[in-house]
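Descriptive structure summary
The primary structure of each chain is shown beneath.
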Amino acid sequence: MPPRLQLAPAPDAAAPPAPPGARERPASAFAIDVPATVLERARRGERAAFEQVYRLFERPVFTLALRIAGDRESAADVLQDTMMKAFRRIGDFRNDGAPFWGWLRQIAVNESLMRLRGQRHEGFAIALDDAPALEDLAPPPPAAADAAQLQRALAVLPAATRSVLWLYHAEGYTHEEIAALMQRTPSFSKSQLARGSRRLRELLTDPTEAVHG
(Lines give C-alpha, C1' and ligand atoms only; values in the text may rest on other atoms or scores of the structure.)
Protein backbone atom coordinates (compact mmCIF):
# COMPACT_ATOMS: atom_id res chain seq x y z
CA MET A 1 0.00 0.00 0.00
CA PRO A 2 1.61 3.31 -1.06
CA PRO A 3 1.96 5.94 1.69
CA ARG A 4 -0.55 8.75 1.46
CA LEU A 5 0.63 12.22 0.61
CA GLN A 6 -0.62 14.88 3.02
CA LEU A 7 -2.57 16.92 0.48
CA ALA A 8 -5.09 18.53 2.80
CA PRO A 9 -5.02 19.95 6.32
CA ALA A 10 -6.49 17.58 8.87
CA PRO A 11 -9.69 18.74 10.58
CA ASP A 12 -9.64 19.67 14.26
CA ALA A 13 -11.24 16.41 15.35
CA ALA A 14 -8.98 13.39 15.12
CA ALA A 15 -10.30 10.52 13.02
CA PRO A 16 -10.94 7.24 14.88
CA PRO A 17 -8.28 4.56 14.37
CA ALA A 18 -8.92 2.01 11.65
CA PRO A 19 -9.78 -1.56 12.71
CA PRO A 20 -6.90 -4.08 12.67
CA GLY A 21 -6.03 -5.01 9.08
CA ALA A 22 -8.10 -2.17 7.62
CA ARG A 23 -6.65 0.56 5.42
CA GLU A 24 -5.93 3.74 7.36
CA ARG A 25 -7.96 6.48 5.69
CA PRO A 26 -6.80 10.09 5.85
CA ALA A 27 -8.92 12.55 7.81
CA SER A 28 -11.11 14.47 5.39
CA ALA A 29 -11.40 18.24 5.61
CA PHE A 30 -15.14 17.63 5.32
CA ALA A 31 -15.23 15.85 8.70
CA ILE A 32 -17.14 18.60 10.49
CA ASP A 33 -19.85 17.79 12.99
CA VAL A 34 -23.08 19.70 12.36
CA PRO A 35 -25.46 19.93 15.33
CA ALA A 36 -28.65 17.95 14.80
CA THR A 37 -30.64 21.05 15.70
CA VAL A 38 -29.07 22.97 12.81
CA LEU A 39 -29.87 20.18 10.34
CA GLU A 40 -33.45 20.01 11.60
CA ARG A 41 -33.86 23.76 11.19
CA ALA A 42 -32.39 23.50 7.68
CA ARG A 43 -34.91 20.78 6.83
CA ARG A 44 -37.66 23.18 7.88
CA GLY A 45 -36.28 25.73 5.44
CA GLU A 46 -34.74 28.20 7.88
CA ARG A 47 -32.41 30.50 5.96
CA ALA A 48 -30.12 31.10 8.95
CA ALA A 49 -29.52 27.35 9.29
CA PHE A 50 -28.70 27.07 5.57
CA GLU A 51 -26.21 29.91 5.91
CA GLN A 52 -24.57 28.22 8.88
CA VAL A 53 -24.14 24.97 6.93
CA TYR A 54 -22.79 26.93 3.96
CA ARG A 55 -20.17 28.68 6.09
CA LEU A 56 -19.06 25.40 7.65
CA PHE A 57 -18.52 23.64 4.33
CA GLU A 58 -17.68 26.44 1.92
CA ARG A 59 -13.92 25.91 2.22
CA PRO A 60 -13.77 22.09 1.94
CA VAL A 61 -16.21 22.04 -0.99
CA PHE A 62 -14.31 24.77 -2.84
CA THR A 63 -10.94 23.12 -2.16
CA LEU A 64 -12.10 19.72 -3.41
CA ALA A 65 -13.63 21.30 -6.52
CA LEU A 66 -10.48 23.33 -7.18
CA ARG A 67 -8.22 20.28 -6.88
CA ILE A 68 -10.39 18.25 -9.26
CA ALA A 69 -11.61 20.92 -11.70
CA GLY A 70 -8.27 22.74 -11.73
CA ASP A 71 -9.38 26.38 -11.85
CA ARG A 72 -11.10 28.76 -9.44
CA GLU A 73 -13.97 29.71 -11.74
CA SER A 74 -15.04 26.08 -12.16
CA ALA A 75 -14.55 25.49 -8.44
CA ALA A 76 -16.83 28.41 -7.61
CA ASP A 77 -19.49 27.01 -9.93
CA VAL A 78 -19.19 23.56 -8.33
CA LEU A 79 -19.49 25.12 -4.88
CA GLN A 80 -22.73 26.88 -5.78
CA ASP A 81 -24.17 23.83 -7.55
CA THR A 82 -23.25 21.57 -4.64
CA MET A 83 -24.81 23.79 -2.00
CA MET A 84 -27.97 24.40 -4.01
CA LYS A 85 -28.42 20.68 -4.61
CA ALA A 86 -27.73 19.91 -0.94
CA PHE A 87 -30.26 22.46 0.25
CA ARG A 88 -32.90 21.18 -2.18
CA ARG A 89 -32.30 17.58 -1.12
CA ILE A 90 -31.57 18.00 2.57
CA GLY A 91 -34.84 16.29 3.35
CA ASP A 92 -33.36 13.12 1.80
CA PHE A 93 -30.57 12.97 4.39
CA ARG A 94 -31.30 10.48 7.13
CA ASN A 95 -29.31 10.72 10.34
CA ASP A 96 -28.97 6.93 10.69
CA GLY A 97 -25.34 6.85 11.77
CA ALA A 98 -23.79 8.15 8.55
CA PRO A 99 -22.46 11.71 8.99
CA PHE A 100 -23.96 14.66 7.19
CA TRP A 101 -20.51 15.68 5.96
CA GLY A 102 -20.12 12.39 4.08
CA TRP A 103 -23.46 12.92 2.35
CA LEU A 104 -22.50 16.47 1.36
CA ARG A 105 -19.03 15.41 0.23
CA GLN A 106 -20.55 12.84 -2.12
CA ILE A 107 -22.60 15.58 -3.78
CA ALA A 108 -19.48 17.75 -4.14
CA VAL A 109 -17.46 14.91 -5.68
CA ASN A 110 -20.25 14.06 -8.11
CA GLU A 111 -20.63 17.69 -9.18
CA SER A 112 -16.86 18.07 -9.67
CA LEU A 113 -16.55 14.90 -11.75
CA MET A 114 -19.65 15.77 -13.75
CA ARG A 115 -17.96 19.01 -14.77
CA LEU A 116 -14.83 17.09 -15.79
CA ARG A 117 -16.81 14.65 -17.90
CA GLY A 118 -18.27 17.61 -19.77
CA GLN A 119 -14.77 18.93 -20.49
CA ARG A 120 -13.02 15.66 -21.36
CA HIS A 121 -10.30 16.10 -23.94
CA GLU A 122 -6.96 14.70 -25.05
CA GLY A 123 -4.60 14.54 -22.10
CA PHE A 124 -7.47 13.70 -19.73
CA ALA A 125 -5.27 11.08 -18.03
CA ILE A 126 -1.63 10.05 -17.98
CA ALA A 127 -1.04 7.62 -20.84
CA LEU A 128 -0.50 4.04 -19.76
CA ASP A 129 2.15 1.78 -21.22
CA ASP A 130 2.58 -1.98 -20.96
CA ALA A 131 4.88 -1.79 -17.94
CA PRO A 132 3.20 -2.42 -14.58
CA ALA A 133 2.73 0.63 -12.38
CA LEU A 134 5.03 0.40 -9.36
CA GLU A 135 4.01 1.78 -6.00
CA ASP A 136 5.59 5.08 -5.02
CA LEU A 137 7.03 4.38 -1.57
CA ALA A 138 9.11 7.53 -1.12
CA PRO A 139 8.05 10.01 1.57
CA PRO A 140 6.25 13.15 0.33
CA PRO A 141 8.42 16.24 -0.20
CA PRO A 142 7.92 19.16 2.24
CA ALA A 143 6.37 21.22 -0.57
CA ALA A 144 3.24 19.04 -0.38
CA ALA A 145 2.22 21.09 2.66
CA ASP A 146 2.39 24.37 0.69
CA ALA A 147 -1.12 24.92 -0.67
CA ALA A 148 -0.09 27.33 -3.43
CA GLN A 149 2.77 25.16 -4.66
CA LEU A 150 0.59 22.07 -4.44
CA GLN A 151 -2.11 23.70 -6.56
CA ARG A 152 0.41 24.72 -9.24
CA ALA A 153 1.76 21.17 -9.38
CA LEU A 154 -1.68 19.57 -9.49
CA ALA A 155 -2.77 21.93 -12.27
CA VAL A 156 -0.02 20.50 -14.50
CA LEU A 157 -1.41 16.98 -14.19
CA PRO A 158 -4.16 15.66 -16.49
CA ALA A 159 -7.64 16.08 -15.03
CA ALA A 160 -8.43 12.43 -14.36
CA THR A 161 -5.02 11.81 -12.83
CA ARG A 162 -5.42 14.83 -10.56
CA SER A 163 -8.86 13.60 -9.50
CA VAL A 164 -7.61 10.11 -8.62
CA LEU A 165 -4.76 11.57 -6.56
CA TRP A 166 -7.01 13.88 -4.58
CA LEU A 167 -9.78 11.38 -3.95
CA TYR A 168 -7.30 8.73 -2.81
CA HIS A 169 -4.74 10.75 -0.86
CA ALA A 170 -6.86 13.55 0.61
CA GLU A 171 -10.34 12.05 0.88
CA GLY A 172 -9.53 8.40 1.50
CA TYR A 173 -11.58 6.80 -1.28
CA THR A 174 -10.64 3.26 -2.28
CA HIS A 175 -9.73 2.32 -5.85
CA GLU A 176 -13.07 0.53 -6.17
CA GLU A 177 -14.95 3.65 -5.04
CA ILE A 178 -12.94 5.89 -7.36
CA ALA A 179 -13.56 3.53 -10.27
CA ALA A 180 -17.31 3.66 -9.66
CA LEU A 181 -17.30 7.46 -9.38
CA MET A 182 -15.23 7.95 -12.54
CA GLN A 183 -16.91 5.16 -14.53
CA ARG A 184 -13.57 3.39 -14.95
CA THR A 185 -11.93 0.25 -13.57
CA PRO A 186 -9.97 -0.17 -10.31
CA SER A 187 -6.90 -0.91 -12.44
CA PHE A 188 -7.23 2.49 -14.09
CA SER A 189 -7.36 4.15 -10.67
CA LYS A 190 -4.32 2.22 -9.42
CA SER A 191 -2.27 3.05 -12.52
CA GLN A 192 -3.17 6.74 -12.43
CA LEU A 193 -2.34 6.88 -8.73
CA ALA A 194 1.09 5.28 -9.16
CA ARG A 195 2.14 7.33 -12.17
CA GLY A 196 0.46 10.51 -10.96
CA SER A 197 2.08 10.27 -7.51
CA ARG A 198 5.52 10.00 -9.06
CA ARG A 199 4.86 12.91 -11.41
CA LEU A 200 3.45 15.06 -8.59
CA ARG A 201 6.51 14.31 -6.47
CA GLU A 202 8.76 15.46 -9.32
CA LEU A 203 6.78 18.68 -9.71
CA LEU A 204 6.91 19.41 -5.99
CA THR A 205 10.62 18.63 -5.74
CA ASP A 206 11.44 20.91 -8.69
CA PRO A 207 8.89 23.80 -8.68
CA THR A 208 10.23 25.14 -12.00
CA GLU A 209 8.61 22.15 -13.72
CA ALA A 210 5.18 23.23 -12.46
CA VAL A 211 5.77 26.75 -13.75
CA HIS A 212 6.84 25.63 -17.21
CA GLY A 213 4.52 22.59 -17.37
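Residues numbered from 1 in each chain as written. Predicted model: local features only at pLDDT ≥ 70, side-chain atom pairs only at ≥ 80, totals over all residues. Heavy atoms only, no water.

Further remarks concern the overall build of the protein. In terms of regular secondary structure, the protein is built from nine helices and zero strands. Looking at the protein residue by residue over its 213 residues, the buried ones come to 45%. When contacts within the protein are restricted to residue pairs at least 6 apart in sequence, those whose partners lie at least 24 apart make up 73%. Accessible surface for the protein amounts to roughly 11200 Å². Of this, 54% is attributable to carbon and sulfur atoms. (Helix = DSSP H or I, 4+ residues; strand = E, 2+ residues; numbered from the N terminus. Buried < 20%, exposed > 50% of the residue type's maximum accessible area, 1.4 Å probe, protein only. Contact = heavy atoms within 4.5 Å. Areas by Shrake-Rupley, 256 points an atom, 1.4 Å probe, with all protein chains shown as cover.)

Turning our attention to the confidence of the model for the protein. Predicted confidence across the protein gives a mean pLDDT of 80, with 72% of residues reaching 70 or more. Across residues 8-19, confidence stays below pLDDT 50; counting only partners more than four residues off in sequence or on other chains, it has eleven contacts. A low-confidence stretch, residues 128-134 stays under pLDDT 50, and its non-local contacts, those more than four residues away or across chains, total eleven contacts. (pLDDT = per-residue confidence, 0-100.)

Below, the discussion takes up unusual backbone geometry. Positive phi outside glycine occurs at Gln 183, with the angle close to 60 degrees. Here Gln 183 is to be found in the loop between helix H7 (175-182) and helix H8 (186-205). What makes Gln 183 exposed here is its relative accessible area of 59%.

Below, the discussion takes up the packing of aromatic side chains. As enumerated under the stated definition, the model contains five aromatic pairs in all. Where Phe 93 meets Trp 103, the ring centres are 5.8 Å apart and the plane angle is 50 degrees; that geometry is what we call tilted. In this pair, Phe 93 sits in the loop between helix H3 (72-89) and helix H4 (100-118) while Trp 103 sits in helix H4, placing the two residues ten residues apart along the sequence. Judged by relative accessible area, Phe 93 falls into the buried class, the value being 4%. An aromatic cluster is built from Phe 57, Phe 93, Phe 100 and Trp 103, whose rings are joined through pairwise contacts. Note that Arg 184 overlies the ring of Phe 188, its terminal NZ or CZ placed 4.2 Å from the centroid. (Phe/Tyr/Trp six-rings, centres within 6.5 Å; stacked < 30°, edge-to-face > 60°. Lys NZ or Arg CZ within 6 Å of the ring centre and 35° of its normal.)

All right, on to the side chain of Ser 189 then. Structurally, Ser 189 can be placed in helix H8. Residues in contact with Ser 189, not counting those within four places in the same chain, are Val 164, His 175 and Ile 178.

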